[in-house]
Amino acid sequence: MQLQRLSRAVLAALLVVPFCALPRAVSADVPTGTPVFSDPLDIDNGYLPFREHRIRLYEQVRGVGDLHVIDIFRSDTRTFTWNGDEVECRELEEWEVADGEIVEISWNYFAQADDGTVWYFGEVVDKYEGGEVVGHGGSWLVGGPSGDDPAETVTASTPTVFMPANPEVGDRWKAEDLPADGIEEFDLAQRILRRLETPYGTFRSVLQVEERTPDVGTKWYAPQVGFVRQRSSDGEVVALIEIEDAEDAEETQEELDEIVEELLGLDD
């Protein structure tokens, strides 16, 4: 297996790019008008890039318990019908493993508009207890469920802004906007940090975003990398500890299997 670990030296070289070199948006404060998706799978947003076959591993570094989060940038895509057009979206699979047990697996769908803004078309959520799926709370999709989607998936009429093309301090947007169904998230760009340290390494020009759901948490996004740190309302902190880049879907799955087996204690 030719899985490649992204070296810290390479990452450091990427992160010295000045923040001003990132693409500028026409409007960073919740883009107005109807987005145009000419090439929606080309997600190169400065703070939310999509690198196919990448796996990012996060660990709880502050708080009680043992929590890990795994983000898998799949090559699979899903097409949504919206505003009379077909919009193909990238798939980000996310696992949460707490104290050696799977808590949740979700599949999230993103597309980038021509102005560089990344839009969120929804997610399908499997919640676990004792190794079994027990619910799908939080699931929502533009156009509603189809195929094998959970029947209780909430139908959304429009996608939401997940990350503006070039967010500036004070900008506000809603990553989830279904208040009648208890699915709502308000985001505020609070500041740009000169540097932020994580177990994986030091990042520069990091975007700090407040999230209200209504619980108040904070996320940090690094240029050319994406999400690197999160603090929840109770003070628990999850941070990036590893990045793995695979060559194809098969190697991605093999690496995921190894990580999950280790977290579940199945590799003993």
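Counting restarts for each chain, with residues numbered from 1 along the sequence as it is written. The predicted origin of the model limits local features to residues at a pLDDT of at least 70 and limits the giving and counting of side-chain atom pairs to 80 or more, whereas totals for whole chains, interfaces and linings rest on all residues. Think of the side-chain values as coming from all heavy atoms in the structure, minus any hydrogens and water.

### Comments concerning the pairing of strand β11 (residues 172–178)
Should DSSP find at least two bridges between two strands, the strands are regarded as paired. A run of H or I in DSSP counts as a helix once it spans at least four residues, and a run of E counts as a strand once it spans at least two, with each numbered from the N terminus. Relative to strand β12 (residues 183–197), β11 runs antiparallel, the two sharing six bridges. The residue of β12 that forms the bridge with D177 is E184. Where β11 folds back on β12, the antiparallel hairpin that results is connected by four residues, among which G182 adopts a positive phi of roughly 75 degrees.

### Considerations on unusual backbone geometry
Each neighbour pair has its own omega, and for T213 with P214 the value is 15 degrees, a cis peptide bond. Mapped onto the secondary structure, P214 falls in the loop between β13 (202–212) and β14 (216–222). Positive phi outside glycine occurs at H53, with the angle close to 75 degrees. A positive phi angle, close to 55 degrees, is found at N83, a residue other than glycine. Within the element layout of this structure, N83 appears in the loop between β3 (67–82) and β4 (85–98).

### A look at the pattern of salt bridges
By salt bridge we mean one thing: a side-chain nitrogen of Lys or Arg within 4 Å of a carboxyl oxygen of Asp or Glu. All chains considered together, the criterion is met by 12 salt bridges. K174 is the partner of E184 in a salt bridge, and the nearest nitrogen-oxygen pair spans 2.6 Å. Placement of the pair is E184 in strand β12 and K174 in strand β11, with a sequence separation of 10 residues. Remark: exposure states derive from per-residue accessible area (1.4 Å probe, protein chains only) relative to the maximum for the residue type, with buried under 20%, exposed over 50%, and partly exposed in between. Overall, the relative accessible area of 22% leaves E184 in the partly exposed class. Here K219 ties to E211 by a salt bridge, and the two come within 3.8 Å at their closest N and O atoms. Across the pair, exposure class does not vary: K219 and E211 are buried alike. Bridged by salt links that share partners, the residues R51, R54 and D245 form one connected network.

### A look at helix α2 (residues 249–263)
Given 3.6 residues to a turn, an α-helix orients residues that are three or four positions apart in the same direction. Every helix has an expected span of 1.5 Å times one less than the residues it contains. Taking 1.5 Å of rise per residue, the 15 residues of α2 would be expected to cover 21 Å, and the 21 Å separating its terminal C-alpha atoms lies within 8% of that figure. Inspection of α2 places E251, T252, E255, L256, I259, V260 and L263 among the buried residues, and these make up the whole buried set. Down the axis, α2 shows its buried residues gathered within 170 degrees of arc, on one side only. Contacts are assigned to residue pairs with any non-hydrogen atoms lying within 4.5 Å of each other. Buried residues belonging to α2 abut β2 (54–62), β3, β4 and β16 (237–245). Any N or O atom pair separated by 3.5 Å or less is treated as a polar contact, with the protein-specific requirement of one donor-capable and one acceptor-capable atom, and with residues adjacent in sequence counted only for side-chain atom pairs. Its side-chain oxygen 3.2 Å from the backbone nitrogen of E250, D248 forms the N-cap of α2. The directions considered for the arc are those from the helix axis to the C-beta atoms.

### Observations regarding the confidence of the model for the protein
Values of pLDDT, which run from 0 to 100, indicate the predictor's confidence residue by residue. Model confidence for the protein is summarised by a mean pLDDT of 90, while 88% of its residues fall at 70 or above. Low pLDDT, under 50, characterises residues 1–28; the predicted model gives this stretch 56 contacts beyond four residues in sequence or across chains.

### Thoughts on the environment of V228
For V228, the location among the structural elements is in strand β15 (residues 226–231). Classification of V228 by relative accessible area gives buried; the value is 0%. Between the alpha carbons of V228 and R56 there is a distance of 9.1 Å; along the sequence they are 172 residues apart. Not counting residues up to four positions away in its chain, the partners in contact with V228 are Y58, L196, T198, F203, W220, A222, V238, A239 and L240.

### Structural notes on the packing of aromatic side chains
The pairing test for Phe, Tyr and Trp rings, Trp by its six-membered ring, is centres within 6.5 Å, and the orientation test on the planes gives stacked under 30 degrees, edge-to-face over 60, and tilted for anything in between. Applying the stated criterion across every chain yields a total of 12 aromatic pairs. Ring centres of Y120 and W140 lie 5.2 Å apart, and the angle between their planes is 80 degrees; on these two criteria the pair is classed as edge-to-face. Here the residue Y120 occupies a position in strand β6 (residues 118–129), and W140 occupies one in strand β8 (residues 140–142), the gap between them amounting to 20 residues. In this structure, Y120 and W140 share a single accessibility class: buried. Taken together, F37, F80, W82, Y109 and F121 form an aromatic cluster joined through their ring pairs. Of note, R78 hangs over the ring of Y109, and the distance from its end group to the ring centre comes to 5.5 Å. Placement of a charge over a ring requires the Lys NZ or Arg CZ to be within 6 Å of the ring centre, with the centre-to-atom vector within 35 degrees of the ring normal. The ring of W220 carries R229 above its face, with NZ or CZ at 4.8 Å from the centroid.

### Topic: the pairing of strand β7 (residues 132–135)
Note that β6 and β7 share three bridges and pair antiparallel. Within β7, the position partnered with E129 by the bridge is E132. Linking β6 to β7, which pair antiparallel, is a turn of two residues; within it G130 sits at a positive phi near 60 degrees.

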